[in-house]
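# Coordinate inspection notes
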Amino acid sequence: MYRFLLTPRWWGINLFAVLAIPLCVFMGTWQLGRFEDRVQSHEQAAKQPAPGARAAKPLDDLLPVDTVTSGRPATATGRYADQFLVPGRELDDKSGFYVLNMLRTDGGKALPVVRGWLPGRPGNTPVPAAPTGEVTVTGDLQASENTGTDGVDTAGGLPDGQLGMISAASLVNLVPYDVYDGWVTLQDTDSSAAAGDGTLRPVPAVAPQGSGLDLKAFQNLGYTGEWFVFAAFVLFMWFRLVRREAEAARDVKLGLVPDTDTDAGTRTA
């Protein structure tokens, strides 16, 4: 009754099912693993002490920036050089901009340092001057931004002295020296005064991307369910087609349905 499974047409159907089901299971398992990784990183981040409670370490000891070193206090020594204003950044639901200075270290590379946040638009708000001479800064280490980071301006066309994305890739085209792949945000600025008097307010460090239970984490969980549903659907349809074909073959054998191939041969004769 099931000899039809060996026909050329069913070879194609069987091959599709054999390939599609493992693929769907593999993709579902992979998406589930991504979700579990995000849950694990979220739990690890929750167990980490607050940035201010951890001892600062030299910058080079914390690089490259990852989910473990992101947010850790880092120290670096050098002299402030070029300054950039990063527009379109919010703090406490107010629109403003970051003040970023490049710290030229003794090794020649420069560390992007966000000295603080100011309300308003660049050019309309006075910016406090950066310290002169050799300084040692301590700030919370952050990974380079990308197109998915909140507040990033990817449209381009910003005036000279402004920066849309804090990353080594964008800064290396604006300065004549090497740039660290990462940046720090200072937390020791004077935030006691009102925000409108030109006083820089510290920019809080943010959790590294992919380390929290955000929308992407639950998207991974949703994709997991979709792939497993696809696998079950393919298996269901294969069984349904086999059953229908077997029932048709049985009906022909019992004479309940005329054999189309036999009838066609009779008419030809």
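Residues numbered from 1 in each chain as written. Predicted model: local features only at pLDDT ≥ 70, side-chain atom pairs only at ≥ 80, totals over all residues. Heavy atoms only, no water.

Here we take up the pairing of strand β4 (residues 110–119). β4 sits mainly inside the fold: ten of its ten residues count as buried. The sheet contact formed by strand β3 (residues 94–105) and β4 spans nine bridges and is antiparallel. Residue L100 lies in a different strand from β4, and its bridge partner there is V114. If you look at the hairpin formed by β3 and β4, you'll find four residues sitting between the two strands, and G108 has a positive phi there, around 100°. Across two bridges, the pairing between β4 and strand β6 (residues 183–186) is parallel. Looking across to β6, one finds that V114 is bridged to T185. (Buried < 20%, exposed > 50% of the residue type's maximum accessible area, 1.4 Å probe, protein only. Helix = DSSP H or I, 4+ residues; strand = E, 2+ residues; numbered from the N terminus. Pairing = 2+ DSSP bridges.)

The next point concerns a nonpolar patch on the surface. A surface patch of nonpolar side chains, about 310 Å² in accessible area, is lined by L15, V18 and L19. Take V18: it is sitting in helix α1 (residues 8–47). With a relative accessible area of 55%, V18 lands in the exposed category. (Patch = residues over 30% accessible without salt bridge, like charges linked within 9 Å, V, L, I, M, F, W, Y side chains within 5 Å. Areas by Shrake-Rupley, 256 points an atom, 1.4 Å probe, with all protein chains shown as cover. Salt bridge = Lys/Arg side-chain N within 4 Å of Asp/Glu carboxyl O.)

It is worth spelling out the packing of aromatic side chains at this point. Under the criterion given, the structure shown has three aromatic pairs. Ring geometry for W227 versus F230: centroids 5.8 Å apart, planes at 90°, classification edge-to-face. Of this pair, W227 and F230 both sit in helix α4 (residues 215–254), three residues apart, roughly one helical turn. Given a relative accessible area of 25%, W227 falls into the partly exposed group. Over the ring of Y177 we find R104, and its NZ or CZ is 4.1 Å from the ring centre. (Phe/Tyr/Trp six-rings, centres within 6.5 Å; stacked < 30°, edge-to-face > 60°. Lys NZ or Arg CZ within 6 Å of the ring centre and 35° of its normal.)

Bringing the nonpolar core into the picture now. Ranked by internal contacts, the top residues of the largest apolar core, which has 18 residues, are F84, Y98, L100, M102, V114 and I166. Those elements that provide at least two residues to this core are β2 (73–91), β3, β4 and α3 (168–171). Setting aside its immediate chain neighbours within four residues, M102 contacts R79, Y80, A81, D82, F84, A110, L111, P112, L171, V175, Y177 and V179. Grouped together as the second largest cluster of nonpolar side chains are 16 residues, L62, A76, V137 and Y180 included. (Core = buried A, V, L, I, M, F, W, Y, C linked by side-chain atoms within 4.5 Å. Contact = heavy atoms within 4.5 Å.)

Once that is clear, we can look at the confidence of the model for the protein. Scored by pLDDT, the protein has a mean of 83; 82% of the residues are at 70 or more. Mean pLDDT across the elements of the protein ranges from a minimum in helix α5 (residues 260–268), with 45, to a maximum in β4, with 96. Predicted confidence for residues 191–196 stays below pLDDT 50, and this span has six contacts to residues more than four positions away or in other chains. Note on residues 262–269: pLDDT is under 50 here. Beyond four places in sequence and across chains, it has one contact. (pLDDT = per-residue confidence, 0-100.)

For the rest of this paragraph, the subject is the side chain of Q142. Within the secondary structure, Q142 sits in strand β5 (residues 134–142). Residue class for Q142 comes out buried when judged on its relative accessible area of 3%. Among the polar contacts listed, one links the side chain of Q142 to the backbone nitrogen of V206, at a separation of 2.9 Å. Setting aside chain neighbours within four positions, we find Q142 in contact with V65, S70, G71, G182, W183, T185, A205 and V206. (Polar contact = N/O pair within 3.5 Å; in protein donor to acceptor, adjacent residues only side chain to side chain.)

Further remarks concern the pairing of β2. Note: strand β1 (residues 57–58) against β2, two bridges, orientation parallel. Residue pairing in the sheet places P58 in a bridge with T75 of β2. Direction of pairing for β2 relative to β5: antiparallel, over a ladder of seven bridges. The residue bridging G78 from the neighbouring strand is V135, located in β5. In the sheet, β2 pairs with β3 via eleven bridges, with the strands oriented antiparallel. Opposite E90, over in β3, you have S95 as the bridge partner. Hairpin connection between β2 and β3: a loop of two residues separates the two successive antiparallel strands, and D92 in this loop has a positive phi of roughly 55°.

With that settled, the discussion passes to the environment of A168. For A168, the location among the structural elements is in helix α3. Separated by 14 residues in the primary sequence, A168 and G182 place their C-alpha atoms 7.0 Å from one another. Every residue in contact with A168, bar those within four places of it in the chain, is listed here: S144, V179, Y180 and D181.

This paragraph deals with the environment of V152. Note that V152 resides in the loop between β5 and α3. Taking the C-alpha atoms as reference points, V152 and V86, 66 residues apart in sequence, are found 8.8 Å from one another. Setting aside anything within four residues of it in sequence, one finds V152 in contact with R89, E145, N146, G164 and M165.

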